[in-house]
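# Structure assessment
Each chain, letter by letter, is given below.
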Amino acid sequence: MLARKSIIPEEYVLARIAAENLRKPRIRDRPRKARFIAKNGACNLAHKNIREQGRFLQDIFTTLVDLKWRHTLVIFTMSFLCSWLLFAMMWWLVAFAHGDMDPSTESTTNSTKWTPCVTCVRSFTSAFLFSIEVQVTIGFGGRMMTEECPLAITVLILQNIVGLIINAVMLGCIFMKTAQAHRRAETLIFSRQAVIAVRNGKLCFMFRVGDLRKSMIISASVRIQVVRKTTTPEGEVIPIHQVDIPVDNPIESNNIFLVAPLIICHIIDKRSPLYDISAADLALQDLELIVILEGVVETTGITTQARTSYIAEEILWGHRFVPIVTEEEGVYAVDYSKFGNTIKVAAPRCSARELDEKPSILIQTLQKSELSHQNSLRKRNSMRRNNSIRRSNSMRRTNTSLIVPKVQFITPEGNQSASET
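Treat the numbers as computed from the prediction; the structure is a model and nothing was measured. (Residues numbered from 1 in each chain as written. Predicted model: local features only at pLDDT ≥ 70, side-chain atom pairs only at ≥ 80, totals over all residues. Heavy atoms only, no water.)

On to the state of the cysteines, then. The bond known as a disulfide is covalent and runs between the sulfur atoms of two cysteines. Counted by the stated rule, this structure contains 1 disulfide. Each disulfide pairs two cysteine sulfurs, and for Cys117 the partner residue is Cys149, the sulfurs being separated by 1.6 Å. Handedness here is read from the sign of the S-S torsion; for Cys117 and Cys149, about -50 degrees, the answer is left-handed. Taken together, the residues span a long stretch of sequence, with Cys117 in the loop between helix H6 (104-111) and helix H7 (124-135) and Cys149 in the loop between H7 and helix H8 (150-178) at a distance of 32 residues. Given the relative accessible area of 1%, Cys117 is considered buried. (Disulfide = S-S within 2.5 Å. Helix = DSSP H or I, 4+ residues; strand = E, 2+ residues; numbered from the N terminus. Buried < 20%, exposed > 50% of the residue type's maximum accessible area, 1.4 Å probe, protein only.)

Examined against the element boundaries, Arg307 turns out to sit in strand E9 (residues 303-311). Taking relative accessible area as the criterion, Arg307 reaches 27% and is therefore assigned partly exposed. If sequence neighbours within four positions are ignored, Arg307 has contacts with Ile37, Lys39, Asn40, Gly41, Cys43, Phe190, Val291 and Ile292. Among the polar contacts made by the side chain of Arg307, one reaches the side chain of Gln305 at a distance of 2.6 Å. (Contact = heavy atoms within 4.5 Å. Polar contact = N/O pair within 3.5 Å; in protein donor to acceptor, adjacent residues only side chain to side chain.)

Pairing analysis gives 9 bridges linking strand E8 (residues 287-297) to E9, with the strands arranged antiparallel. Residue Glu294 lies in a different strand from E9, and its bridge partner there is Gln305. The hairpin turn running from E8 into E9, its antiparallel successor, is 5 residues long, and Gly301 in that turn takes a positive phi close to 75 degrees. (Pairing = 2+ DSSP bridges.)

For the rest of this paragraph, the subject is the pattern of salt bridges. Counted under the stated rule, the structure contains 7 salt bridges. Notably, a salt bridge pairs Arg143 with Glu133, separated by 3.0 Å at the nearest N-O pair. Here Glu133 lies in helix H7 and Arg143 lies in the loop between H7 and H8, a separation of 10 residues in the sequence. Given the relative accessible area of 8%, Glu133 is considered buried. The residue Asp276 makes a salt bridge to Arg353 at a minimum N-O spacing of 2.4 Å. Of the two residues, Asp276 sits in the loop between strand E7 (262-267) and helix H10 (279-282) while Arg353 sits in helix H11 (residues 352-357), which places them 77 residues apart along the sequence. Through salt bridges with shared partners, one network takes in Arg35, Lys39 and Glu314. (Salt bridge = Lys/Arg side-chain N within 4 Å of Asp/Glu carboxyl O.)

Structural measurements only, silent on function.
What follows is the structure, encoded as structure tokens:
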């Protein structure tokens, strides 16, 4: 230990330890807040301790539509199988009560005029096949009902009515699951991150929305809500307090023409919940901005809704979205690879309230950004000049190296002859 202390000075050890502590700052991460709306639009909400489960059976059609596909297909298959088996048992009982199952009736059929209720129904298997033929309206011609038994006619009418009800409910359920409105919302996309920057002299909260399909969304409207935990002056804690914030739209109505990706803008003014939040306070805020896009699908006429949310970590202060719409050969082209790309721009780090109280902050910020831009241009020009000078010097060196010097050759006689190549 003494040898090591003598080799390494103590001042160097202290400086190295301090440098390592500076490189690895000890920061305690805040516990991650649960999102109310996920990025894909799903509601992050769990319903527990529901005592009145029977209410779901009162709206059986909506319950079937809301089920998962595997549960819906199992119910779809079992409903038909159970109905076929039930009426097969009824047809078998009718034939058994009438005596169609008795083997002696086969010998007496030719001698006397004995007519069965259903021809060719001699077992439960034949009764099951006849039940399928009746309910699915498939007549193979081997089994048929006669006018001998009025009870069989009643069973036939009852099975037709029940079969029509099952077909209507099950096929309607399958159709509604395949044509649900949220399927169309899968092609409505939002930018992964939102930005806060200066637009028209005001701090604005902005995000980008686009539609991947060519079929348009008619009467599309965008709503923004802020969800945060608040406490009233009376001490009541509201865990999910929703506040609507206005969207900047030059049109009087809130409808947008979503023919190409648009940047939706919210001006942070006195009505905005973000009015008192600065860039330093944004990371400490426990808030969530929910974006809701509603509209009517042009092809089906069904109202659809797409949702997403932005938390404080997903909001970039002092950034702006890059343009992605260009005109190429008379057609407007959209480059979706740059849909969520942003660039850093000059923006004051203060809140919108401080910016309204001191407008000179914005002017100073713009002047600083202009000076930094000019300095960067000067550095670029100087670097280009230095590079050009270095290239010219290197070219001169290469040219001089290509010149071959004069060489003198001495002959054996002692005469010198100079040759130049």
